[in-house]
Amino acid sequence: MGTLKIISGTVYGNAQHVAEQVEENLAEQGIDCELESDPSVNDFTDADAILVITSTTGQGDVPPNVEFAFSDLKDEAPQLNGKPFAVAALGDSSYGESFCGAGKQFYSLLQELQGNAVADMLAVDAMETLEPEKDVVEWVNSIKDKLIG
């Protein structure tokens, strides 16, 4: 079992809080994971598995703290060679088309780079849940064996 990189894309800190809760939960289970809130391409290529937890900003855009890594991944296009990944997106469905846009972009990009999606993207709607960390921790626990073997 290798290292799981948890990439947190956050604007106001909510996704960061959720990522911290996930990291704490997995660490308590003895799973080796590292939380990155200022990631680089190397964080994606060096990881044994990737978990992106991101909110969305603007018109479905990735948050500022991950936009450089996202852009560099698109430009450099490092092949992930079947590396397992999962994406949890936090959003607000009242924004319509841009709902969970950053998560959708990350999911699509990691697939393009030949990553192996172990689950469909989780979309957490702020209109329906007040504690997204509970939904995300539960979801990660349900897919962790596929994510990190």
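Everything below is about the structure shown above.
Overview of the structure. (Residues numbered from 1 in each chain as written. Predicted model: local features only at pLDDT ≥ 70, side-chain atom pairs only at ≥ 80, totals over all residues. Heavy atoms only, no water.)

1. Some details on the overall build of the chain
Convention followed: Segments assigned H or I by DSSP are reported as helices when at least four residues long, segments assigned E as strands when at least two residues long, and all are numbered from the N terminus. The globule rule used here is 2.2 Å times the number of residues to the 0.38 power, and the radius of gyration it is set against is calculated over C-alpha atoms. Per-residue accessibility, obtained with a 1.4 Å probe over protein chains only, is compared with the maximum for each type, and a residue is labelled buried under 20%, exposed over 50%, and partly exposed between these values. Within this scheme the basic residues Lys and Arg register as positive and the acidic residues Asp and Glu register as negative, but His and the chain ends are omitted. Positions of charges follow a simple convention, taking NZ of Lys, CZ of Arg, CG of Asp or CD of Glu.
Each helix and strand in the chain was counted, giving 5 helices and 6 strands. Along the chain, helices (α) and strands (β) appear in the sequence β-α-β-α-β-α-β-α-β-β-α when read from the amino end. Since a compact globule built from 149 residues should have a radius of gyration of about 15 Å, the 14 Å found for the chain is in line with a globular shape. Overall, the C-alpha framework of the chain stretches about 40 × 35 × 25 Å when taken along its three principal axes. Counting across all 149 residues of the chain, residues that qualify as buried make up 52%. Positive and negative side-chain charges of the chain, numbering 7 and 27 respectively, have mean locations separated by a distance of 6 Å.

2. A word on the pairing of strand E2 (residues 33-36)
Stated precisely, the cut-off is as follows: A pair of strands is labelled paired if DSSP reports no fewer than 2 bridges between them. Throughout, right-handed denotes a crossover for which the path from the first strand over the helix to the second runs clockwise when the strands point away from the viewer.
With 4 bridges connecting them, strand E1 (residues 4-9) and E2 associate as parallel partners. Bridging across to E2, Ile7 finds its partner in Glu36. Handedness of the crossover is the feature at issue here: the chain leaves E1, passes through helix H1 (residues 14-28), returns alongside E2, and the resulting connection is right-handed.

3. Overview of the environment of Tyr95
Structurally, Tyr95 is set in the loop between strand E4 (84-91) and helix H4 (101-112). The sequence separation of Tyr95 and Gln59 amounts to 36 residues, and the corresponding C-alpha distance is 8.4 Å.

4. So, H1
Given 3.6 residues to a turn, an α-helix orients residues that are three or four positions apart in the same direction. Defined as follows: By this rule the span expected of a helix is its residue count minus one, scaled by 1.5 Å. By the convention used here, residues are in contact when the closest approach between their heavy atoms is within 4.5 Å.
Under the 1.5 Å per step criterion, the end-to-end length of H1 is 21 Å for 15 residues, consistent within 8% with the ideal 21 Å. When we look at burial in H1, the residues that qualify are Ala15, Gln16, Val18, Ala19, Val22, Asn25 and Leu26. On its buried face, H1 sits against E1, E2, strand E3 (49-54), E4 and helix H5 (132-148). Gly30 occupies a position one or two residues after H1 and carries a positive phi of about 80°.

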